[in-house]
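# Examining the three-dimensional arrangement
Now for the letters of each chain:
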Amino acid sequence: MEIEEAALIDGCSPLQTFFRVVLPILQPTMVSVAILQAMWVWNDYLLPTLVLDITKYKTIPMLIQYFRGSYGKVEMGPMMASIMLTVIPIIIVYIFGQKYIIKGVAAGAVKG
């Protein structure tokens, strides 16, 4: 609150205060939440299975499930290859956003 009041005293409008003061402070937290949400949406299986028409639309986790055959037979080679292709984009996103995640976790852990 004091930072916003200081920006107001310095002549910033409420919009300038938000974009020049508040948004840079929130950036690590927003990136952390965005990465975690992207991981959740990317790996979601239950909701698309319930909502989507399986004959027309399939998500990646739904396609991986089709490698499990009937009677417990599993095609391990294609299944593991598709799992690796599924995991690689999330790992790349995490690597590029790692410094923001660490800043966001540290900012949330500091008291006072």
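Residues numbered from 1 in each chain as written. Predicted model: local features only at pLDDT ≥ 70, side-chain atom pairs only at ≥ 80, totals over all residues. Heavy atoms only, no water.

Looking at the chain, the pLDDT average stands at 82 and 93% of residues meet or exceed 70. In the model of the chain, helix α1 (residues 2-9) stands out as the element of lowest mean pLDDT, 81, in contrast to helix α3 (residues 46-51), which has the highest, 86. (pLDDT = per-residue confidence, 0-100. Helix = DSSP H or I, 4+ residues; strand = E, 2+ residues; numbered from the N terminus.)

Turning next to helix α2 (residues 14-42). An α-helical turn contains 3.6 residues, so any two residues separated by three or four positions project in the same direction. Helix length check: α2, at 29 residues, gives a terminal C-alpha distance of 36 Å against a target of 42 Å (1.5 Å per residue), a shortfall beyond 12%. Where α2 bends most, at Leu-23, the angle is about 50 degrees, and the proline Pro-24 comes one to four residues later. Among all positions of α2, only Thr-17, Val-21, Val-22, Pro-28, Ser-32 and Ile-35 are buried. (Expected span 1.5 Å × (residues − 1). Bend = angle between axes of the 7 residues up to and from the residue. Buried < 20%, exposed > 50% of the residue type's maximum accessible area, 1.4 Å probe, protein only.)

The next thing to look at is a nonpolar patch on the surface. A cluster of nonpolar residues, Tyr-45, Leu-46, Leu-47, Leu-50, Val-51, Leu-52 and Tyr-57, forms a patch on the protein surface that exposes about 740 Å² of accessible area. Along the chain, Leu-47 turns up in helix α3. (Patch = residues over 30% accessible without salt bridge, like charges linked within 9 Å, V, L, I, M, F, W, Y side chains within 5 Å. Areas by Shrake-Rupley, 256 points an atom, 1.4 Å probe, with all protein chains shown as cover. Salt bridge = Lys/Arg side-chain N within 4 Å of Asp/Glu carboxyl O.)

Right, let's get into the packing of α1 against α2. One way to put it is that α1 packs onto α2 with a least axis distance of 10 Å and a crossing angle of 155 degrees. On the basis of the axis angle, α1 is roughly antiparallel to α2. Like other packed secondary-structure pairs, α1 and α2 cross with a definite hand, here right-handed. Along its contact with α1, which presents Ile-3, Glu-4 and Ala-7, the element α2 presents Thr-17, Val-21, Val-22 and Ile-25. Here the residues of the contact of α1 with α2 sort into five nonpolar, one polar and one charged. (Axes fitted to C-alpha atoms, helices over the stretch in contact; angles between N-to-C directions. Parallel < 35°, antiparallel > 145°, perpendicular 65-115°, else oblique. Left-handed = near helix turned anticlockwise from the far one by under 90°. Contact = heavy atoms within 4.5 Å. Nonpolar A, V, L, I, M, F, W, Y, C, P; charged D, E, K, R; others polar.)

Inspection of the secondary structure puts Thr-86 in helix α5 (residues 76-109). By relative accessible area, Thr-86 is classed as buried at 6%. Residues contacting Thr-86, with those up to four places away along its chain left out, are Trp-42, Asn-43, Ile-60 and Ile-64.

Here we take up the environment of Tyr-100. Position of Tyr-100 among the secondary structure elements: in helix α5. The spatial distance from the C-alpha of Tyr-100 to the C-alpha of Ile-25 is 11 Å, given a sequence separation of 75 residues. Dropping the residues within four chain positions of it, Tyr-100 is found in contact with Gln-27, Pro-28, Val-31 and Ser-32.

This part takes up the environment of Thr-59. Mapped onto the elements of the fold, Thr-59 is located in the loop between α3 and α4 (60-65). It is 7.8 Å that separates the C-alpha atoms of Thr-59 and Tyr-45, two residues lying 14 residues apart in sequence. Those residues in contact with Thr-59 that lie beyond four places of it in its chain are Asp-44, Pro-48 and Leu-52.

The next point concerns the environment of Arg-68. With respect to the helices, strands and loops of the structure, Arg-68 is situated in the loop between α4 and α5. Of the residues examined, Arg-68 reaches a relative accessible area of 48% and is grouped as partly exposed. Expressed as a C-alpha distance, the spacing of Arg-68 and Met-79, which sit eleven residues apart in the sequence, is 8.1 Å.

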